[in-house]
Amino acid sequence: MIKTYAAIMNELKNESSRIGKEKLLKKYENVPGLKDIFKFVFNPMIVTGLSKKKIEKKVNTSHKIELETIFDAMDFVKNNNTGNDLVIATVQNFLNKLNTEEEKEFVKSVLVKDLPIGISRTTLNKVYGKDFIKKYSVMLAGKYEPGKTDLSEGFNLTLKIDGNRATVFNYEDGPKFFARSGKEIEGLVELEEEFKKLPKNMVYDGELIAINTNNFHSKDLFNVTQTLVRRKGPKTGLNFVMFDILPISEFNNGKSDKKYLERLNDIKDMFDNNISSDSLIKMVPVYYTGSDEDIIPEILQDVESQGYEGLMINTLNGYYETKRSKSILKVKTFHTADLLCVGIKEDIRGNRCGSITVDYKGFKVDVAGLKDEQKDLFWKHPEIVVGKIIEVKYFEESKNSQGSLSLRFPSFVRIRNDKTSEDVSYA
């Protein structure tokens, strides 16, 4: 069957059109085991701890476990996702049983969860049903619009933490940390010990942020946080700033039973009774609880003057929902710039535009935020956007990891066909 699977993947890879790929997925949907492979590869909650480089590593162990099928191999690396020498030796032993290099490369791609065939989880859910691979999702904030948002039943103002979103599932056998994408964050050894002391079978939602011993400005602290979180191996020197809590069962159901004010009181009780002041787990700063919207600009100006990103509004009667919700709203000041588009970049899964590239003060910056129809249109007809002035929304000017000038959170707004290169502006 591996030969059959590999042939199907090659056919998908060589099909250039989105509709053509969808037709092929439909054509082969009854091939035994094919959907199981797709679910394994495209579910971000499944972690194998492997890379193609690691699979090819020379290991000094004769110990290995015999695997008979690709599905045995998938289950094995899923349940033993350490990437240690025993795992590598077992995978290599299975690969050596295969007949051709094509089959070996296909199995490697499956086990490292990187099938470059130009499809995504969204495509699979469109063809096989919306819950074929259930999307991992946390509660995401909407945008506060003064005069349009009803806050008459009361709200809470908290600091918007400029870190890395992390959701902690505190299981009976220990905590697991997940990024917003659903990918597991491994190596948080200090925080793991802290969460073992907290109530089990709960989800703790918050942000990872570097311990600010050097009094960094918010944007500099964000860069330090990124470096620490991306580090391989043990990750230390991080705080977890908690802003919500609910049972795992309610998270899996997609909605909390308790309203925000009740959940906030649960957090306060836990910090009073279970978490010491010197813990790496912190509670998000709360600035205001009430119903007076006039207070929002005043507090926003205060936190921004201190170098923070902005505020979060939590409606007191709102429920935690695993989707974008009006129960939580972000408040921050964005800037716009009119910039020259100098190119486009292909989406990671191929055959469409993933981002556009603009010139910002002589530096190239990639801009996201394209709608699906724009991704398809710009890829087929790049002349529509390349060479044109683009209105870009961004949070602040920054520097990338190479020290080049860049933008934080740049997002496409629109093409300014009424402007030329003489109209480039940076604020």
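Predicted, not measured: the structure shown is a model, and the values here were computed from it.

**Q** Requested: an account of the overall build of the protein, with residues and values cited.
**A** When you go through the protein residue by residue, the secondary structure sums to 14 helices and 20 strands. A compact globule built from 427 residues should have a C-alpha radius of gyration of about 22 Å, and the protein, at 24 Å, falls within 12% of that. Summarising its shape, the C-alpha atoms of the protein cover approximately 70 × 60 × 40 Å along the three principal directions. Taking all 427 residues of the protein together, the buried fraction comes to 49%. Sequence-distant contacts, at least 24 apart, represent 72% of the contacts inside the protein between residues at least 6 apart.

**Q** Any chance you could break down the sheet that holds strand E3 (residues 164-171) for me, citing the residues and the numbers?
**A** Sheet strands line up and pair through hydrogen bonds in the backbone, either parallel or antiparallel. Pairing within the open sheet is mixed, and its six strands lie in the order E5-E4-E3-E6-E7-E9. Of all the strands in the sheet, just strand E5 (184-185) and strand E9 (281-283) have a single pairing partner and so form its edges. Sheet contacts for helix H10 (residues 218-230): E3, E5, strand E6 (202-210) and strand E7 (238-247); angle to E6, the most-contacted strand, approximately 115°.

**Q** Break down the packing of helix H3 (residues 34-42) against helix H5 (residues 70-79) for me, with residues and values.
**A** Relative placement of two packed helices is described by the angle separating their axes and the distance separating the axes. Where H3 contacts H5, the two axes come as close as 11 Å, and the packing angle between them is 25°. With respect to each other, H3 and H5 are oriented roughly parallel. Where H3 crosses over H5, the two elements pack in a sense that is left-handed. In contact with Asp-36, Ile-37 and Phe-40 of H3, H5 contributes Ile-70, Phe-71, Met-74, Val-77 and Lys-78.

**Q** Go over the pattern of salt bridges with me, naming the residues and quoting the values.
**A** Between side chains of opposite charge, pairing is possible as soon as their charged atoms come close. In the structure shown here, the tally under the stated rule is 25 salt bridges. With its nearest N and O atoms 3.4 Å apart, the salt bridge here joins Arg-18 to Glu-22. With a gap of four residues between them, Arg-18 and Glu-22 both fall in helix H2 (residues 18-27), about one helical turn apart. For Arg-18, a relative accessible area of 41% puts it in the partly exposed group. Among the residues examined, Glu-22 registers a relative accessible area of 14% and is labelled buried. Its salt-bridge partner being Asp-244, residue Arg-263 comes within 2.7 Å of it at the nearest N-O pair. Here Asp-244 lies in strand E7 and Arg-263 lies in helix H12 (residues 260-273), a separation of 19 residues in the sequence. The exposure class of Arg-263 is buried, given its relative accessible area of 2%. Through salt bridges with shared partners, one network takes in Arg-18, Glu-22 and Lys-126.

**Q** Could you give an account of the packing of aromatic side chains, naming the residues involved and the relevant values?
**A** Applying the stated criterion across every chain yields a total of 17 aromatic pairs. With centroids separated by 5.5 Å and ring planes inclined at 45°, the aromatic side chains of Phe-195 and Tyr-204 adopt a geometry described as tilted. No difference in accessibility class separates Phe-195 from Tyr-204, as the two residues are buried. Ring geometry for Phe-251 and Tyr-320: centres 6.1 Å apart, planes at 45°, overall tilted. Of this pair, Phe-251 sits in helix H11 (residues 248-253) while Tyr-320 is found in strand E12 (residues 319-321), placing the two residues 69 residues apart along the sequence. Put simply, the rings of Tyr-136, Phe-169, Tyr-171, Phe-178, Phe-251 and Tyr-320 touch in pairs and so form one group of aromatic residues. The residue whose ring lies beneath Lys-113 is Phe-40, and the NZ or CZ to ring-centre distance is 5.8 Å. When the ring centre of Tyr-319 is taken as reference, the NZ or CZ atom of Lys-255 above it lies at 4.7 Å.

**Q** Break down the pairing of E7 for me, with residues and values.
**A** By the criterion of burial, E7 is predominantly enclosed, with nine of the 10 residues buried. Note that E6 and E7 share nine bridges and pair antiparallel. In the sheet register, Val-203 faces E7, and the bridge partner there is Leu-246. Where E7 meets E9, three bridges bridge the pair, whose relative direction is parallel. By the bridge assignment, Phe-240 is partnered in E9 with Ile-281.

The rules behind each value
Residues numbered from 1 in each chain as written. Predicted model: local features only at pLDDT ≥ 70, side-chain atom pairs only at ≥ 80, totals over all residues. Heavy atoms only, no water. Helix = DSSP H or I, 4+ residues; strand = E, 2+ residues; numbered from the N terminus. Rg over C-alpha atoms; globule rule 2.2 N^0.38 Å. Buried < 20%, exposed > 50% of the residue type's maximum accessible area, 1.4 Å probe, protein only. Contact = heavy atoms within 4.5 Å. Pairing = 2+ DSSP bridges. Axes fitted to C-alpha atoms, helices over the stretch in contact; angles between N-to-C directions. Parallel < 35°, antiparallel > 145°, perpendicular 65-115°, else oblique. Left-handed = near helix turned anticlockwise from the far one by under 90°. Salt bridge = Lys/Arg side-chain N within 4 Å of Asp/Glu carboxyl O. Phe/Tyr/Trp six-rings, centres within 6.5 Å; stacked < 30°, edge-to-face > 60°. Lys NZ or Arg CZ within 6 Å of the ring centre and 35° of its normal.

Structural measurements only, silent on function.
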